[in-house]
Amino acid sequence: MEKVDVKCGFTCNNRCRFCVQGDKREQYGDIPTDQLLKTLETARKDADSIVFTGGEVTIKKDFILLVKQAAELGFEHIQIQTNGRMFSSRTFCEETIRAGANDFSLALHGHVPALHDYLTRAGGSFYQTVKGIRNLKDLGQRVGTNTVITRPNYRNLPAVARLLIHLGVDQFQFAFVHPLGSAMTHFEGIVPRLSLAAPYVKAGLAKGLRAGKAVMTEAIPYCFMTGFFPCIAEQRMPRTKIFDVHIVPDFTAYRIEEGKAKSRECAACIHDSVCEGPWKEYPEHYGWDEFRPVLQIEATG
């Protein structure tokens, strides 16, 4: 296994309209620290790269202790996946870096406060996340971002890209919303048509490429990404073991075997062997009419 993903609990200081975790915060809350410390020891046997996730891991009381323990166990790559709000404090950034974190993935879902805060349902979250990005970059850290593609924000993805380039992030990703949890509850208002979103995704990616940034898109099938095949994240995702409420031994296998779906027509596509298809809930709701198999080699950008 190349990486382990450790969920530290499901409490969060945002309440995103598209959150894949849904009501897990009410069901499970936080995972006890002693249990997580044991999980870290187990996880170290599987990989030397770890990502701390949640919920929102940075609001956990023993967050710094967990990062220190990961460093002491010998994890070489320690990533924090976060909404970034706690990193608006420079002191908190410095404490996290001293503890051993060396990679940061922050979530920004809009180019202006009104859009981002609408999606996160947390007033002031845009300014805190942006300040977090600036603080971490000022401290010389590697910073990537993830933007979940939703119905309210897909037309603004080029503007999001422009902001991220201005902020100096090292990498950014546009990930199509996974219609589970809160996203399923709010499906009609949150999940856009892939055919409508794809041109804006490409325009945002193109801005990043022209600026020399590493850019990716996740959970969008190849048939929508002509000209941008190298940006498809699934072809470079490390094989990851996830320590969640239940252990997912191989997230790649889960996506292919359970999480995503293909139509009968997909077999005719020249990308069938590498394309994972959309999240299965998407065609269950919208059907397969938008999907067109790629029948010949087309130029990549």
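In this text, all values refer to a predicted model and were calculated from it rather than measured experimentally.

Caption draft 1: Layout of the overall build of the protein. Tallying secondary structure elements over the protein gives twelve helices and nine strands in all. For 301 residues, the compact-globule estimate of 2.2 N^0.38 gives 19 Å, and the protein sits close to it at 19 Å. Across its three principal directions, the C-alpha atoms of the protein cover 50 × 40 × 35 Å. Looking at the 301 residues of the protein, the share that counts as buried comes to 54%. At a minimum sequence separation of 6, the contacts of the protein that also span at least 24 residues come to 71%. Of the accessible surface of the protein, which amounts to about 13200 Å², a share of 50% is contributed by carbon and sulfur atoms. Here the protein contributes 37 positive and 34 negative side-chain charges, whose respective centroids are spaced 6 Å apart.

Caption draft 2: Representation of the state of the cysteines. Per the stated rule, a full pass over the model turns up zero disulfides. Free of any disulfide, Cys93 has its nearest neighbouring cysteine sulfur in Cys12, separated by 17 Å. Residue Cys93 is classed as buried on the basis of its relative accessible area of 0%.

Caption draft 3: Here's a closer look at the packing of helix H3 (residues 63-72) against helix H4 (residues 90-99). At a closest axis distance of 8 Å, the pairing of H3 and H4 adopts a crossing angle of 25 degrees. Taken together, the axes of H3 and H4 lie roughly parallel to each other. Residues Phe63, Ile64, Val67, Lys68 and Ala71 of H3 lie in contact with H4, whose contacting residues are Phe92, Glu95, Thr96 and Ala99. Each residue belonging to the contact of H3 with H4 can be placed in one class, and the counts come to six nonpolar, one polar and two charged.

Caption draft 4: Inspection of the packing of aromatic side chains at higher detail. Scanning the model with the defined rule gives 15 aromatic pairs in all. Geometrically, the ring pair formed by Phe87 and Phe92 is tilted, given 5.3 Å between the ring centres and 55 degrees between the ring planes. A relative accessible area of 0% means that Phe87 is categorised as buried. Geometrically, the ring pair formed by Phe172 and Phe174 is tilted, given 5.3 Å between the ring centres and 45 degrees between the ring planes. Exposure remark for Phe172: the relative accessible area of 0% places this residue in the buried category. Chaining the aromatic ring pairs together yields one cluster made of Phe176, Phe187, Phe224, Tyr282, Tyr286, Trp288 and Phe291. Arg44 extends its terminal NZ or CZ atom over the ring of Phe75, reaching a point 5.4 Å from the ring centre.

Caption draft 5: The pattern of salt bridges, seen in detail. By the definition in use, this model includes 13 salt bridges. Arg142 is paired through a salt bridge with Asp103; the nearest N and O atoms lie 3.3 Å apart. Of the two residues, Arg142 is situated in the loop between helix H6 (125-138) and strand S5 (143-149) and Asp103 in strand S4 (residues 103-107); the sequence distance between them amounts to 39 residues. Given the relative accessible area of 4%, Asp103 is considered buried. One salt bridge connects Lys137 with Asp170, and the closest N-O pair in it is separated by 3.0 Å. In this pair, Lys137 is assigned in helix H6 and Asp170 in the loop between helix H7 (157-167) and strand S6 (171-176), connecting sequence segments 33 residues apart. Salt bridges sharing partners connect three or more residues here, namely Glu234, Arg255, Lys260 and Glu276.

Conventions adopted
- Residues numbered from 1 in each chain as written.
- Predicted model: local features only at pLDDT ≥ 70, side-chain atom pairs only at ≥ 80, totals over all residues.
- Heavy atoms only, no water.
- Helix = DSSP H or I, 4+ residues; strand = E, 2+ residues; numbered from the N terminus.
- Rg over C-alpha atoms; globule rule 2.2 N^0.38 Å.
- Buried < 20%, exposed > 50% of the residue type's maximum accessible area, 1.4 Å probe, protein only.
- Contact = heavy atoms within 4.5 Å.
- Areas by Shrake-Rupley, 256 points an atom, 1.4 Å probe, with all protein chains shown as cover.
- Lys, Arg positive; Asp, Glu negative; His and termini not counted.
- Charge placed at Lys NZ, Arg CZ, Asp CG, Glu CD.
- Disulfide = S-S within 2.5 Å.
- Axes fitted to C-alpha atoms, helices over the stretch in contact; angles between N-to-C directions.
- Parallel < 35°, antiparallel > 145°, perpendicular 65-115°, else oblique.
- Nonpolar A, V, L, I, M, F, W, Y, C, P; charged D, E, K, R; others polar.
- Phe/Tyr/Trp six-rings, centres within 6.5 Å; stacked < 30°, edge-to-face > 60°.
- Lys NZ or Arg CZ within 6 Å of the ring centre and 35° of its normal.
- Salt bridge = Lys/Arg side-chain N within 4 Å of Asp/Glu carboxyl O.

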